[in-house]
Structures are given as C-alpha cells and as structure tokens.
Amino acid sequence: MDIKSTTPFSNLFRTSPFKPVQQHMRTVFSCICLLPPLVDALYRKDYGQLQDFAADIIRLESEADEIKHEFRLNMPNTLLLPVDRKDLLSLISDQDSLADTTEEIAKILLYRDMEVPDALKDILDELLEATMNISVATKDMIEQLDELLQVGFRGRENEKVTRMIIGVRSTEHDIDGIMSRTRRTLFEHEKDLDPVTIIFWYKLIELLGSISDQAENVGDRLLLFLSK
C-alpha cells in the first residue's frame, strides 16, 4: 500500500521546492516588521508595550528557526531540484540571519532600559525606513521564485528578478551612507550619554545596518541561482 506523507512540508515540497523558502521568508519579514513599532514604543518610553513587541519578535524568530530545521530535515535527497541543494540550504540560512539580527535588537531593548537621544531620532527614523524598504524588496524577490521556476530561470522573469537584485544592492549602498551619518550624529552627542549607553547605541546601529548586509546576501544568493 502506498502511504503518502501528510506533513505540511511534504506537501509544500511536492508543489515546489521554493514553497518552504517562501513560507520561511514571510515569517522572517513579519519579524522585521515589528522593528518600527518596537522603536516607537522606545521613543514613547512605553516599556510595557516594548516588551510585548520584543516578545513577539522572539516568538517569530523561533518560528523561523523551526521552519528552517523542518526544511533541512524534510528536503528529500532524491528530489530533482532546479538549483543546487546546497545553495537552497544556504539561501534559507541567509534569510534566517535576518530574523536572528532582529531578535538580537529586540533582546537588547528588552533587557536594558534605553532612551533615544533627541538628536538621534530623525536619522534613526531614516535608517529604520531604509531597513524596511530593503526588507520588503528582499521578500518580493523570494516571492518571484515560483515564477522563475515556471520559466526555467530564463526570459523576462529572470530579467525582472535581476533588476530587483540590483535595486537591493543599490539600497544597501544608500544605507551604508545613512549608517555613517547615524554614527557621526551619535559621536557628536556622546557627551550627553553615559559610556555604557553609548556602547549599546553603537551596537544597535551596527545591528540595524547588518539587516541590509544580510538582505544583500539573499540577493547575491538568488543571482547565483540565475547564473547557474
């Protein structure tokens, strides 16, 4: 008797090897989307709400981890894949790093009462907006994988995704500039902060910048798919 697996991941893999990757990216994106309200709660010094958003981020990061582990466990060795198996595993790891970084930001704000220096708010808003833009673009790229599969990674769909990757790279370059200005602004107001708080703010800025670097890594991974 032919017993068919009824696990969700088996069904996803039967439909497309990219379905679990897309499911994972949607969870990662939901995690990142909580960054603006998390920081807004910090602006308002609403530490109760901040804790709620941080807890949601930690929960979503755990969900993304579970999807990643399930993906690795359930990918059949015999599955005929349109891309290299190792590259597909690396892609979901690249995506997972986005959730990991978001969780690290949330944990810093959860375990340490921080205040946002007034001079930092405008440039921090700019950095957050750019971070969300590149995160949206990264999710949109992953959502195109099924279309790429249908056309054999060729033609207009290939060109469309290539343009999206170029856009992510351009945004990452712009964020590098915002990062430099954010650090400079913090440096100019260090005298108003205690040394430990300064260290944590530099760490938070670095982590926000890491999200754009990791988004670019996802784009580079897709470019590798297209080139093969």
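The structure reproduced in this document is the subject of the present report.

What counts and what doesn't
- Residues numbered from 1 in each chain as written.
- Predicted model: local features only at pLDDT ≥ 70, side-chain atom pairs only at ≥ 80, totals over all residues.
- Heavy atoms only, no water.
- Helix = DSSP H or I, 4+ residues; strand = E, 2+ residues; numbered from the N terminus.
- Salt bridge = Lys/Arg side-chain N within 4 Å of Asp/Glu carboxyl O.
- Buried < 20%, exposed > 50% of the residue type's maximum accessible area, 1.4 Å probe, protein only.
- 1 Å grid on protein atoms, 1.4 Å probe; cavity = no way out; pocket = protein on both sides within 12 Å on 5 of 7 lines; lining within 4 Å.
- Points joined across faces, edges and corners; volume = space filled by probe spheres on them.
- Nonpolar A, V, L, I, M, F, W, Y, C, P; charged D, E, K, R; others polar.
- Contact = heavy atoms within 4.5 Å.
- Disulfide = S-S within 2.5 Å.

1. Some remarks on unusual backbone geometry
Then, in step 1: Despite not being glycine, lysine 45 shows a phi value in the positive range, around 55 degrees.
Then, in step 2: Within the secondary structure, lysine 45 sits in the loop between helix 3 (35-43) and helix 4 (47-74).

2. Looking at the pattern of salt bridges
Any two side chains of opposite charge can pair, on the condition that their charged atoms come close.
Then, in step 1: Under the counting rule described, the total for this entry stands at 17 salt bridges.
Then, in step 2: Put simply, arginine 221 and aspartate 94 hold a salt bridge, and the shortest N to O gap is 3.0 Å. Of the two residues, arginine 221 is situated in helix 9 (residues 195-227) and aspartate 94 in helix 5 (residues 85-111); the sequence distance between them amounts to 127 residues.
Then, in step 3: Residue lysine 139 is joined to glutamate 143 by a salt bridge in which the shortest nitrogen-to-oxygen separation is 3.5 Å. In this pair, lysine 139 and glutamate 143 are both assigned in helix 6 (residues 118-143), four residues apart and thus about one turn of the helix distant.
Then, in step 4: Relative accessible area serves as the criterion here: at 19%, lysine 139 is assigned to the buried category.
Then, in step 5: Through salt bridges that share partners, Arg26, Lys139 and Glu143 make up one connected network.

3. Here's the deal with empty space enclosed by the protein
Then, in step 1: In total, this model carries one cavity of 30 Å³ or more according to the counting rule given.
Then, in step 2: For the largest cavity, the calculated volume is near 80 Å³.
Then, in step 3: Considering the residues around the largest cavity, the lining is formed by Leu35, Val39, Leu42, Ile105, Leu109, Leu124, Trp201, Leu204 and Leu208.
Then, in step 4: Put simply, the parts of the chain that give the lining of the largest cavity at least two residues each are helix 3, helix 5 and helix 9.
Then, in step 5: Residue composition of the lining of the largest cavity, by class: nine nonpolar, no polar and no charged.

4. Thoughts on the environment of glutamine 214
Then, in step 1: Tracing the backbone through its elements, the reader meets glutamine 214 in helix 9.
Then, in step 2: Sequence-wise, glutamine 214 and threonine 138 are 76 residues apart; in three dimensions their C-alpha atoms are separated by 9.8 Å.
Then, in step 3: Those residues in contact with glutamine 214, other than ones at most four positions away along the chain, are Ser97, Leu98 and Thr101.

5. A word on the state of the cysteines
Covalent bonding between the sulfur atoms of two cysteines defines a disulfide.
Then, in step 1: What the rule picks out here adds up to zero disulfides.
Then, in step 2: Its sulfur unpaired, cysteine 31 is 9.3 Å from the next cysteine sulfur, which belongs to cysteine 33.
Then, in step 3: Looking at cysteine 33, the relative accessible area reads 30%, which means it is partly exposed.

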